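These are the residues of each chain, in order.
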Amino acid sequence: MNWLNWLDRIGEHSARQVARTSSRRSFLARLGVLVAGGAASVPLLPVARGQESAAREPAPDEAGKRGPEYDPTSCEYWRHCAIDGFACACCGGSQSSCPPGTELAGMTWLGTCRNPDDGRDYIISYNDCCGKGSCGQCLCNRNEGDLPMWMPPKNNDTNWCQGVKSQSYHCTIAAVVGVATQES
Amino acid sequence: MNWLNWLDRIGEHSARQVARTSSRRSFLARLGVLVAGGAASVPLLPVARGQESAAREPAPDEAGKRGPEYDPTSCEYWRHCAIDGFACACCGGSQSSCPPGTELAGMTWLGTCRNPDDGRDYIISYNDCCGKGSCGQCLCNRNEGDLPMWMPPKNNDTNWCQGVKSQSYHCTIAAVVGVATQES
Amino acid sequence: MTPRTFDRTAGAWLALLLTLPALALAQAGPVPLDRPHVEKLGEPGPHWFWANDVSFFNMADGRAYLFDADSGRMLGMLSTGIFFAKLEIPADGSVIYSPETYYSRHTRGERTDVVTYYDANTLAVQGETVVPGRRHSGLPNIGFSTLTDDQRFLLVYNFSPAQSVTVVNVQAREFVAEIQTPGCALTYATGETRFMMMCGNGSLMTVALDDQGREASRERTAPFFDPQQDPVMEKGVRREDVWYFVSYGGDVYEVDVSGKAPGFREPWPLQRAGEGGWRPGGFELLGVHAGRNELAVLMHEQGEPGSHKNPGTETWVYDLAARERVRRMPLTAPAVSIVVTRDEHPVLLASRGEPVIDVYDFTSGDLLRTIEGVGQTPLYLQVP
Amino acid sequence: MTPRTFDRTAGAWLALLLTLPALALAQAGPVPLDRPHVEKLGEPGPHWFWANDVSFFNMADGRAYLFDADSGRMLGMLSTGIFFAKLEIPADGSVIYSPETYYSRHTRGERTDVVTYYDANTLAVQGETVVPGRRHSGLPNIGFSTLTDDQRFLLVYNFSPAQSVTVVNVQAREFVAEIQTPGCALTYATGETRFMMMCGNGSLMTVALDDQGREASRERTAPFFDPQQDPVMEKGVRREDVWYFVSYGGDVYEVDVSGKAPGFREPWPLQRAGEGGWRPGGFELLGVHAGRNELAVLMHEQGEPGSHKNPGTETWVYDLAARERVRRMPLTAPAVSIVVTRDEHPVLLASRGEPVIDVYDFTSGDLLRTIEGVGQTPLYLQVP
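1. Quick look at the overall build of chain A
On a plain count of helices and strands, chain A comes out with three helices and seven strands. The N-to-C order of helical and strand elements in chain A reads α-α-α-β-β-β-β-β-β-β. Buried positions account for 73% of the 184 residues belonging to chain A. Considering only intrachain contacts with a sequence separation of at least 6, the fraction spanning at least 24 residues in chain A is 78%.

The structure is reproduced here in structure tokens:
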């Protein structure tokens, strides 16, 4: 199975549809909560490292931008095209950091989102932050690319607080870990 | 201190005011929830016995009656003049029985409520049912007669799931345990 | 508390109040004195149902609520810990099995997974069996756990993210084994001591247990659908020896489990010509009534990629013998989960996902009542 | 999970996806790659506050939320178990003490009471001290726990229904003793190693601790009010060496704790002539600002017996030196709990009891902002 193509196709699709559909706030969105993201168990990626670092690193090129597409607390934030859960930026964290006292899960669901600023697609890592009760703030969910539980790496009904001390789900970040190639 | 008079005075007061005030559904009412009743730690009363019996015993003389004053699931139920919490009649129990699987607390808050049918005042025992999470149904609370925590037997901010295996509060019953004397 | 200090403290209060009840109890009034006690359930009514609540915003406090759809009344409740999915109710209905997870500090600390045994009449805890702390957590579906047809073995799907199945002998009430099942997920009973799982390549794996509940054999079918073209949802329902699944696009896949290996039949579509915009969707989106041989499916309009969990605005009902739709039931409110009672005058229970459950006459489609205040997020409904 | 099986399972998925990130990471885009990490709090802002949430409808999942009243943003959260009341925050602010209760099965099973130590900068659990499992449970007020002025001993009020006080040495992080206090409730720090309790007859009991935190002496005052005539609420506030309490009727009782035994001053009324219909009411109904020497009180109209917990529609502010009201602050929404920040430009935080907290300029009374989504039932507010 050409998963690279599959993932890219979903990614592109999500990116195109984000503006139209990601503002949906149906109960389904609330259901997203449980779900620590979904796909791609990649424990060895850089996303699993750097947990020691405590320096806040807002993506510089978003600093000046205005509007929900550049607001990490908004469901319309460009990096949220495949998020499923509470946005950590509303819980005491940021788009790239977990709230104090939580544990960053190394396994992540990867999405491909288009940055409206430069029109390029980026690989977004939706790591969960774990070890406390649910944050309860800024729910956001979309199911594009979601597959049933027989394909865990693509299923967002699964609690992805895995490989951590406590599986209790708190919130989800949306970190840029790379640039998507167009070879699909 | 003449606690007999004090209790009666409060009881009468409650009975008179129940119709006017007991339908209040302010958040304060919701706060009632926690509170397993309030006064009168009387572990040796009959209310603590009879836990073996499983026969449902609706008060016969209320069977035919209509209206909220005779509805054990209503905050206006005549026996609820001093209740503080979830009415067990809405949780799988009745005005005199705990829901299945809960534990009846032997210590109770006693109130004095007037039965609109015969105009007499009855001693109502507000036993808590314990050992499960909160029932969440039919919240009802009034603070007449409530004293601060320096007088535990009269305080309804206290969780009265005491002397039971688990103090987790589920709901509260309103059992008739006697007739109040008028000597106050 | 220490009895000694209890006496010292409570003694003071008793002195203040004992006289009152004493003298009050001396005379009986027209209202007979109650004898407070703890209720029992008695015989289940035809329209009783369990609403399983993962308690989304407070997951450490999961619950299962028992309601009577005829009266709309709550009959009882079970407190079922964190990541709660669903109960397992054996055919004889005397006991309830509940796969549960607990943390020594509720959201942290030591994790303990158990199967709790509840008396189905008193809802009291009878005991528990400790199992490996790897139970799958997520939004519940029918495959999270199951009972083998002989009612002896409870199977719990694990995800850590290693995939495995825990086997508990519920008659002996002891843990039997953990069966590693890499690449395959969830559990679906297919026989006396047999179950199947759905695998990542669109195939099914059947595991047969021996008399002790240990793995006797496993067998994998060829893929019966193409995960890339039209994924088949894991949210199936079973009638006798056939499991029914639907795909994102709306095809019904029948899996015959009467034999040792699953048999597949030709898929058939939910939609008629021109109804392509309608898609199946929801969490517990399928219901079945064995006696009427009917399948109920939650459907929504403007289906698109990613809409497979959208709430259903209608329930479409199919005659499983004719494989034809026999009626459409528009819903008063969109629903994410449904179940049909087993009796001859069945009702359709539809959860809005929020704490509201609508009760419909399954044959006429009439809304009979709406039950509110059903916990927090009742996502999976069951009938005893 | 077992590493071995993890490899077997996850290995399969990695094969599918590893190529993608690998090749993606090879080239950096204009948006710099993030390095996911866990946040730290840093220096507290002047208007940070904790909202303690007993989580009424899901008590097993209690929380404490940290918010910044200036931004309205949530900064962090602590999960604090069942029957949660309030945190204890020492003067130096380096650590947070939290009296907590847990059940091995969340709502049942073995009860364990602990004092949990959280790092105030990382909000990580540092450790815990196990204490007697008799901590008082109910709607929280300031007296549920306290720190002695020397910051060495944490005192937790127990009710089982025997009344006692648990003493924990928070520097050594060890349980010291349980002091039996029949007839007296709650804990109020009154000195370096001294605290007082309110007793059922309207008196106060002072308990002095020795250097180890064990009871050195106890002394009871005469009743300073008549419980039958006008009960004094247990919900006090302290400024320096004076504790302030109010009665149901609206009199202010000042208790001077500068000496070994509490000293009482002449009560003074909250209401002026013709304001008799106004009464103090709520849960955390008193606030104080030490620098301005001002007392804030939640007030409601049509006061009557039983209205002492009614939400306040106004906050009345008093100059404690002059014992006179200096301003009335009408509230945008009725509130049950308030707190005033310690800084020179203080804000008044007012909880509606529901998950909504209003932020007012304490000097002008202007509504600055409304913060929503603060848990479930935030009944007790604290400023670090």
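2. A few points about the state of the cysteines
All names here are of chain A. Tallying each qualifying case throughout the model produces 16 disulfides over all chains. Paired through a disulfide, C130 and C161 show a sulfur-sulfur distance of 2.1 Å. Since a negative S-S torsion denotes a left-handed disulfide, the C130-C161 link at about -95 degrees is left-handed. A residue pair is termed long-range when its members are at least 10 positions apart, and C130 in strand β4 (residues 121–130) and C161 in the loop between β5 (139–141) and β6 (169–172) qualify at 31 residues. Here the two residues C130 and C161 agree in accessibility, since each one is buried.

3. Some thoughts on the pairing of strand β30 (residues 378–382) of chain C
Residues and elements named next belong to chain C. The buried fraction of β30 is high, at five of five residues. Judged from the four bridges that link them, strand β2 (residues 48–53) and β30 form a sheet pairing that is antiparallel. Among the inter-strand pairings, W50 is bridged to a residue of β30, identified as Q382.

4. Some words on the environment of D:V374
Residue and element names in this part refer to chain D. Its location among the elements puts V374 in the loop between β29 (367–372) and β30 (378–382). Since its relative accessible area comes to 0%, V374 is described here as buried. Sequence spacing of V374 and A51 is 323 residues, and the spatial spacing of their C-alpha atoms is 7.5 Å. Setting aside anything within four residues of it in sequence, one finds V374 in contact with A51, D53, Y65, F67, P355 and I357.

5. Some details on the pattern of salt bridges
According to the stated counting rule, one finds 58 salt bridges over all chains in the structure shown. When the shortest N-O distance is used, the salt bridge between C:R265 and C:E254 registers 2.7 Å. With a gap of 11 residues between them, C:R265 in the loop between β19 (263–264) and β20 (268–269) and C:E254 in strand β18 (residues 251–256) connect regions that are remote in the sequence. In this structure C:R265 comes out as partly exposed when scored by relative accessible area, which is 32%. With relative accessibility at 2%, the residue C:E254 sits in the buried group. With a shortest N-O distance of 2.8 Å, D:E314 and D:R328 are connected by a salt bridge. Of this pair, D:E314 sits in strand β24 (residues 312–319) while D:R328 sits in strand β25 (residues 324–335); the two residues are 14 residues apart in sequence, bridging distant segments of the chain. Taken together, the salt bridges that share partners define one network made up of A:D146, A:D157, C:E234, C:K235 and C:K309.

6. Considerations on the sheet that holds strand β28 (residues 356–361) of chain D
Strand pairing in a sheet relies on backbone hydrogen bonds, with the paired strands running either antiparallel or parallel. Residue and element names in this part refer to chain D. Strands sit in the order β26-β27-β28-β29 across an open sheet of four strands; the sheet is antiparallel. Of all the strands in the sheet, just β26 (337–340) and β29 have a single pairing partner and so form its edges. Strand after strand, the sheet turns through a mean of 20 degrees between neighbouring axes, direction not considered. Examined bridge by bridge, β26 and strand β27 (residues 347–351) share four bridges and lie antiparallel to one another. Within the sheet, the bridge partner assigned to S337 lies in β27 and is S351.

7. Structural notes on the side chain of D:R325
Residues and elements named next belong to chain D. By the secondary structure assignment, R325 is in strand β25. By relative accessible area, which is 11% here, R325 ends up buried. Here the side chain of R325 touches E275 through a polar contact of 2.9 Å, side chain to side chain. Setting aside chain neighbours within four positions, we find R325 in contact with L270, R272, E275, W316, V317 and Y318.

8. A look at the packing of aromatic side chains
Taken as a whole and judged by the stated rule, the model has 38 aromatic pairs over all chains. Measuring from centroid to centroid gives 6.2 Å for D:W243 and D:F245, while their planes differ by 20 degrees, and the two rings are stacked. Residue D:W243 is classed as buried on the basis of its relative accessible area, which comes to 4%. Judged by its relative accessible area of 0%, D:F245 is buried. Among the aromatic residues, those joined into a cluster by ring pairs are A:W150, C:F224, C:F225, C:Y253 and C:F264. Stacked on the ring of C:W316, the Lys or Arg C:R325 has its end atom at 4.4 Å from the ring centre. If you follow C:R327 out to its NZ or CZ, it ends over the ring of C:F362, 4.7 Å from the centre.

9. Quick notes on the environment of C:G291
Tracing the backbone through its elements, the reader meets C:G291 in the loop between β22 (286–289) and β23 (294–300). You can call C:G291 exposed: its relative accessible area is 68%.

10. Notes on the environment of D:G250
Residues and elements named next belong to chain D. With respect to the element layout, G250 can be found in the loop between β17 (242–246) and β18 (251–256). By relative accessible area, G250 is classed as buried at 0%. Sequence separation between G250 and A64 is 186 residues; the distance between their C-alpha atoms is 31 Å. With residues near it in sequence (within four places) discarded, G250 still touches W268, P269, L270, Q271 and P280.

11. Overview of the confidence of the model for chain C
All names here are of chain C. Of all residues in chain C, 92% attain a pLDDT of 70 or more, and the chain-wide mean is 92. Contacts of residues 1–28 to residues separated by more than four positions or lying in other chains number 57 contacts, the stretch itself having pLDDT below 50. In the predicted complex, the global pTM is 0.87; the interface-specific ipTM is 0.87.

What counts, and where the lines are drawn
- Residues numbered from 1 in each chain as written.
- Chains lettered and ligands numbered in written order.
- Predicted model: local features only at pLDDT ≥ 70, side-chain atom pairs only at ≥ 80, totals over all residues.
- Heavy atoms only, no water.
- Helix = DSSP H or I, 4+ residues; strand = E, 2+ residues; numbered from the N terminus.
- Buried < 20%, exposed > 50% of the residue type's maximum accessible area, 1.4 Å probe, protein only.
- Contact = heavy atoms within 4.5 Å.
- Disulfide = S-S within 2.5 Å.
- Pairing = 2+ DSSP bridges.
- Salt bridge = Lys/Arg side-chain N within 4 Å of Asp/Glu carboxyl O.
- Axes fitted to C-alpha atoms, helices over the stretch in contact; angles between N-to-C directions.
- Polar contact = N/O pair within 3.5 Å; in protein donor to acceptor, adjacent residues only side chain to side chain.
- Phe/Tyr/Trp six-rings, centres within 6.5 Å; stacked < 30°, edge-to-face > 60°.
- Lys NZ or Arg CZ within 6 Å of the ring centre and 35° of its normal.
- pLDDT = per-residue confidence, 0-100.

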